[in-house]
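Here is how the chains run, residue by residue.
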Amino acid sequence: MWLVALITAATVLATSLVATAQTGEPQIRINARILNSGRIEVALQQRPDGGDWGDRLLPARRFLPASAPTGRWLWSTPLEVQTAAGPREMRIAARRPAGGGRIEVGLQQRRSDGAWSEVILPGLRVVPAGAPEGRWLGSSPLHEPAFREQAAGGPAGRPEDEGSAGLPSALLTPTGVPVAVIGRAGAGYLVRTPCGNAAEVTGGDPIDGMRVVLDPGHGGPFEVGAVGPNGLPEDELNLTLSRAILAELARRGISTTTTRTGDYGSLLSVRAAFADAVGADVLISLHHNGPTRELGDSPGTEVYIQSDDDETPRSDSARLGGLLYEEITAALGMFADVSWSRLPDAGVLRVLFPDGGDAYGMISRPAVPAVLVEYGYLSNTSEAELFATDDYISIAAVATANAIEDYLNTDRPGSGIVEQPRRFDPAGAPSRCAEVALE
């Protein structure tokens, strides 16, 4: 099954979603495709100095089986790959998480002592289900610094991997940017930047043991999101709300972090991988919707949840979504004299591509239980005026925290599930990303 998951992941690994900096460093990415037999085929590609991607390098053992023990890494046969330090022997690693579902992929490098390194994980590394048959899909690039650290014998895997004891899973850098840690770089760290590149930082505050990751949607010059008639941009509104929820959860003693702390962009793949890296119990992506629909007396809040397959919601994501929907709609319903925008099937729902598979990246990519909340319609004049107030931020934050606390500490089931999935092909996520200073 891990093969099927790997192919699934391949769907998400589309080249159109990969944004890379012209770093002047050799880069490698993992390719995967599903065959009509159901097996997954894997390969490597190289790109020298930011140029074109070269031919695929196919390992001798390149077809992944249909089932494998959960949590156990499986490997391809080795390939010789050219890096700035010379030829290196590498192999593709993949595993199915203990919870089932998506396949995680990475690379290993053989060190000078003959031992294999820890698994090096690209920013976009989780393979979703439902990839088109026969179509190659690629991970985000791995950069030369990761290979240098591995050649030196330094740890470059996640903290639970062998040999990386004491390495934090993530950091808040000196400029306040949350980043996943790839490995060590001298006395500092090698980290994954918001744009998916590898970078070195001298230090930062460790982020470990977080139960909740908040994802304020959009951000930066290329992804503002919706804009209200009053000029309020969605990325700013999402960030303001996330800060209020962070503060509310902190008051309740619930450890929480965020994928974005300021007005900068971050790739969807990086946000999802960050939540997986810190081992969060839940990931909640915060959004405000548009365009305006039919107006009425009740909030048009929508909570998108994950699927086990096209027929079945993922149970933990569905329970979290139901609790959020209950709390948020009850809280927003207390505001008088608001004309709410609403679709007929608003509620807790799955949004699938026309051909199947979860359509939204912040739902399909994370391995942790994840939901995406559209609190209301920023495009609607009546709601935009409300969203610009401190009262809205305070009440929405408390409602969100109530739902999260109940999810973590009770068996309360939640409600509002819409049985029939919505079929929709959203526009592709922007592939442009401007790096932000880390220190």
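None of the values given here were measured: they were computed from a predicted structure.

(A) Structural detail: the nonpolar core. Core analysis: the largest hydrophobic core is formed by 44 residues, its most contacted members being Val212, Ile284, Tyr375 and Tyr392. Breaking this core down by element, the ones donating at least two residues are strand E16 (212-216), helix H3 (234-251), strand E18 (282-289), strand E20 (302-305), helix H5 (315-332), strand E26 (370-377), helix H7 (381-387) and helix H8 (390-409). In terms of residues, this core owes the most to one element, H8, which gives 10 residues. Apart from residues no more than four positions distant in its own chain, isoleucine 284 is found in contact with Val212, Val213, Leu214, Asp215, Leu320, Leu324, Val371, Val373 and Ile404. Counting 20 residues, the second-largest nonpolar core is a separate cluster that includes Val213, Ala275, Ala280 and Leu372.

(B) Molecular detail of the sheet that holds E26. The mixed open sheet is built from six strands, whose spatial order is E17-E16-E18-E26-E20-E24. With one partner strand each, in any of the chains shown, strand E17 (256-258) and strand E24 (348-349) form the two edges of the open sheet. As paired strands, E18 and E26 are joined by six bridges and run parallel to one another. Note that in E26 the partner of leucine 286 across the bridge is valine 373.

(C) The confidence of the model for the protein chain, seen in detail. Looking at the protein chain as a whole, the pLDDT averages 83, with 82% of positions reaching at least 70. Note that pLDDT drops below 50 for residues 1-23; the model gives that stretch 103 contacts with residues more than four away or on any other chain. In the predicted structure, residues 154-165 sits below a pLDDT of 50 and forms 39 contacts with residues beyond four places in sequence or in another chain.

(D) Up close: the pattern of salt bridges. Tallying each qualifying case throughout the model produces 13 salt bridges. The salt bridge partner of arginine 271 is aspartate 215, with a shortest N-O separation of 2.7 Å. Taken together, the positions of arginine 271 in helix H4 (residues 268-277) and aspartate 215 in strand E16 put the pair 56 residues apart, joining distant regions of the chain. In this structure, the salt-bridge partner of arginine 314 is aspartate 316, at a minimum N-O distance of 2.8 Å. Here arginine 314 falls in the buried class, since its relative accessible area comes to 14%. Within this structure, Glu248, Arg251, Arg252 and Glu405 form a network of salt bridges that share partners.

(E) Here's a closer look at the state of the cysteines. Counted by the stated rule, this structure contains one disulfide. Here cysteine 195 is linked by a disulfide to cysteine 433, with a sulfur-sulfur distance of 2.0 Å. Because the torsion about its S-S bond is -80°, the bridge between cysteine 195 and cysteine 433 counts as left-handed. Residue cysteine 195 is found in the loop between strand E13 (188-192) and strand E14 (198-201), and its partner cysteine 433 is found in the segment after strand E27 (422-423); the two are separated by 238 residues along the sequence. Of the residues examined, cysteine 195 reaches a relative accessible area of 3% and is grouped as buried. The partly exposed category is assigned to cysteine 433, whose relative accessible area is 22%.

(F) A look at the packing of aromatic side chains. Overall, the coordinates contain three aromatic pairs when judged by the stated rule. When the ring of tyrosine 304 is compared with that of tyrosine 360, the centres are 5.1 Å apart and the planes differ by 15°; the resulting orientation is stacked. Taken together, the residues span a long stretch of sequence, with tyrosine 304 in strand E20 and tyrosine 360 in the loop between strand E25 (351-352) and helix H6 (361-364) at a distance of 56 residues. Here the aromatic rings of phenylalanine 387 and tyrosine 392 are separated by 4.6 Å at their centres, their planes lie at 50°, and the arrangement is tilted. Pair check on accessibility: phenylalanine 387 and tyrosine 392 agree, each one buried. Three or more aromatic residues link up through ring pairs in this structure, and these residues are Tyr304, Tyr360 and Phe424.

(G) Structural view of the pairing of E20. Neither face of E20 is left uncovered, since the one carrying Glu302 and Tyr304 and the one carrying Val303 and Ile305 both have all their residues buried. Note: E20 against E26, four bridges, orientation antiparallel. In the sheet register, tyrosine 304 faces E26, and the bridge partner there is leucine 372. In the sheet, E20 pairs with E24 via two bridges, with the strands oriented parallel.

(H) Just the side chain of arginine 260, in detail. Summarising the element assignment, arginine 260 is placed in the loop between E17 and H4. One polar contact links the side chain of arginine 260 to the main-chain carbonyl oxygen of proline 216, over a distance of 3.2 Å. Within the structure, arginine 260 has its side chain in polar contact with the backbone oxygen of glycine 262 (distance 2.8 Å). Among residues more than four places away in sequence, those in contact with arginine 260 are Pro178, Pro216, Gly217, His218, Gly219, Asp235, Asn238, Leu239 and Arg271.

(I) Broad picture of the environment of glutamate 294. You can see glutamate 294 is positioned in strand E19 (residues 294-296). Among the residues examined, glutamate 294 registers a relative accessible area of 67% and is labelled exposed. Along the backbone, glutamate 294 and proline 344 are 50 residues apart, and their C-alpha atoms lie at a distance of 8.8 Å. Non-local contacts of glutamate 294, meaning those with residues more than four positions away in its chain, are made with Trp340, Ser341 and Arg342.

(J) Fine view of the packing of H5 against H8. Where H5 meets H8, the closest approach of the two axes is 8 Å, and the angle between their N-to-C directions is 150°. Here H5 runs over H8; the crossing is right-handed. In this structure, H5 contributes Asp316, Arg319, Leu320, Leu323, Leu324, Glu327, Ile328, Ala331 and Leu332 to the contact, and H8 contributes Tyr392, Ile395, Ala399, Thr400, Asn402, Ala403, Asp406 and Tyr407. Across the contact of H5 with H8, the residue classes tally to 11 nonpolar, two polar and four charged.

What counts and what doesn't
- Residues numbered from 1 in each chain as written.
- Predicted model: local features only at pLDDT ≥ 70, side-chain atom pairs only at ≥ 80, totals over all residues.
- Heavy atoms only, no water.
- Core = buried A, V, L, I, M, F, W, Y, C linked by side-chain atoms within 4.5 Å.
- Buried < 20%, exposed > 50% of the residue type's maximum accessible area, 1.4 Å probe, protein only.
- Helix = DSSP H or I, 4+ residues; strand = E, 2+ residues; numbered from the N terminus.
- Contact = heavy atoms within 4.5 Å.
- Pairing = 2+ DSSP bridges.
- pLDDT = per-residue confidence, 0-100.
- Salt bridge = Lys/Arg side-chain N within 4 Å of Asp/Glu carboxyl O.
- Disulfide = S-S within 2.5 Å.
- Phe/Tyr/Trp six-rings, centres within 6.5 Å; stacked < 30°, edge-to-face > 60°.
- Polar contact = N/O pair within 3.5 Å; in protein donor to acceptor, adjacent residues only side chain to side chain.
- Axes fitted to C-alpha atoms, helices over the stretch in contact; angles between N-to-C directions.
- Left-handed = near helix turned anticlockwise from the far one by under 90°.
- Nonpolar A, V, L, I, M, F, W, Y, C, P; charged D, E, K, R; others polar.

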